[in-house]
Structures are given as C-alpha cells and as structure tokens.
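Below, each chain spelled out in residue letters.
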Amino acid sequence: QVQLVESGGGLVQPGGSLRLSCAASGSGFTVYFMGWYRQAPGKERELVARLTRGRDTNYADSVKGRFTIASGDGKDTVYLQMNNLKAEDTAVYYCNAYIRILGEVSGANYWGEGTLVTVSS
C-alpha cells in the first residue's frame, strides 16, 4: 500500500513562515498529482495548492503570492512553503495525491492524516 506522511506544522506568529513536507512511501506506484488542502474548524476542506506530474501548479486565490508548492529531490515528495502567514491560514493541512498502483488500470485519491498549522500571537 501507499502512505502519505506529512510534517512541518506548528505554531507561528503572523507574518512568519513554515514549510510543510509530504512524502509518499511504499513501492510499485506512480504519482500523477500531489497537493495540499486545508480545513479550518467549522469550514469545508479547500484546495490550497496542487502540483501535477508535469510540474504545473495551481493555487487558491487566498494564498497566491504567499505560498509556493514544489517537488523535492525525490519524485514522490512535495513541499508547501508558506510565507507571510495570517491568522486566517490557521487550519489542519492535508497532503493529497492521485496515485496508480502498478498493474491496475486506474488510480485513486490518497490523503495524509493532516498537520496542524496555527497562526497566532
């Protein structure tokens, strides 16, 4: 099986920065998309940033210009650099990936367990 492992969340002051990391572990799979979603208390989960296998990017308007998504040295790792953080960025951030297991005709959506980002003074 494939697992998505997240790290990098924590408490940061407004205007500060954090970098989230997500790595897909396992064997015998191909990753087509990787990205980050977030969910604040009482709100629906929303897309933050997405990275395709061709390295095209997509950002939510609320984070554009402040957040940057990028792949790591490994092909199955993605980072989210978050700068100029605001209180409204406080949420649980979830890694997301569309992955096909080798030998299967279609892929499936995978989710990490989430990492909490709290922006507060």
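Higher on the page you've got the structure.
Figured I'd write up the structure that's included with this text.

A word on the pairing of strand 4 (residues 29-39)
Of all eleven residues in strand 4, eight are buried; the element is thus mostly enclosed. Pairing analysis gives ten bridges linking strand 4 to strand 9 (residues 91-101), with the strands arranged antiparallel. In the strand pairing of strand 9, Y37 is matched with Y94. Relative to strand 5 (residues 46-52), strand 4 runs antiparallel, the two sharing six bridges.

Side note on the sheet that holds strand 8 (residues 77-82)
Across the sheet, four strands lie side by side as 1-3-8-7; this open sheet has antiparallel pairing. Strands with a single pairing partner mark the edges of an open sheet, and in this sheet they are strand 1 (3-7) and strand 7 (67-71). Between one strand and the next, the sheet's axes are offset by a mean angle of 15°, whatever the strand orientation.

Describing the state of the cysteines
Within the structure shown, the criterion is met by one disulfide. Residue pairing for C22: its cysteine sulfur links by disulfide to C95, the two sulfurs lying 1.9 Å apart. Where C22 bonds to C95 through sulfur, the torsion about that S-S bond is close to -85°, and the disulfide is left-handed. Note that C22 is positioned in strand 3 (residues 18-25) and C95 in strand 9, a separation of 73 residues in sequence. Like C95, C22 is buried.

Examining the environment of C95
Note on C95: relative accessible area 0%, which makes it buried. C95 sits 16 residues away from Y79 along the chain, and the two C-alpha atoms are 9.5 Å apart. Leaving out residues up to four positions away in the same chain, C95 has contacts with L4, E6, C22, M34, G35, W36, V78, Y110, W111 and G112.

Some points on the packing of aromatic side chains
On inspection of all chains with the given rule, the structure shows two aromatic pairs. Taken together, a centroid distance of 5.0 Å and an interplanar angle of 65° make the contact between Y37 and W111 edge-to-face. Here W111 lies in strand 10 (residues 108-111) and Y37 lies in strand 4, a separation of 74 residues in the sequence. Of the residues examined, Y37 reaches a relative accessible area of 16% and is grouped as buried. The ring of Y79 has R19 lying over it, and the distance from NZ or CZ to the ring centre is 4.3 Å.

Looking at the environment of G103
Within the secondary structure layout, G103 lies in the loop between strand 9 and strand 10. Between the alpha carbons of G103 and A60 there is a distance of 34 Å; along the sequence they are 43 residues apart.

Details of the side chain of E6
Structurally, E6 is set in strand 1. The buried charged residue E6 lacks any salt bridge partner; its closest oppositely charged side chain belongs to R45, at an N-O distance of 7.8 Å. A polar side-chain atom of E6 sits 2.5 Å from the main-chain amide nitrogen of C95. Reaching out from E6, the side chain makes a polar contact with the backbone nitrogen of E113 at a distance of 3.1 Å.

Cut-off values and rules
- Residues numbered from 1 in each chain as written.
- Predicted model: local features only at pLDDT ≥ 70, side-chain atom pairs only at ≥ 80, totals over all residues.
- Heavy atoms only, no water.
- Buried < 20%, exposed > 50% of the residue type's maximum accessible area, 1.4 Å probe, protein only.
- Helix = DSSP H or I, 4+ residues; strand = E, 2+ residues; numbered from the N terminus.
- Pairing = 2+ DSSP bridges.
- Axes fitted to C-alpha atoms, helices over the stretch in contact; angles between N-to-C directions.
- Disulfide = S-S within 2.5 Å.
- Contact = heavy atoms within 4.5 Å.
- Phe/Tyr/Trp six-rings, centres within 6.5 Å; stacked < 30°, edge-to-face > 60°.
- Lys NZ or Arg CZ within 6 Å of the ring centre and 35° of its normal.
- Lys, Arg positive; Asp, Glu negative; His and termini not counted.
- Salt bridge = Lys/Arg side-chain N within 4 Å of Asp/Glu carboxyl O.
- Polar contact = N/O pair within 3.5 Å; in protein donor to acceptor, adjacent residues only side chain to side chain.

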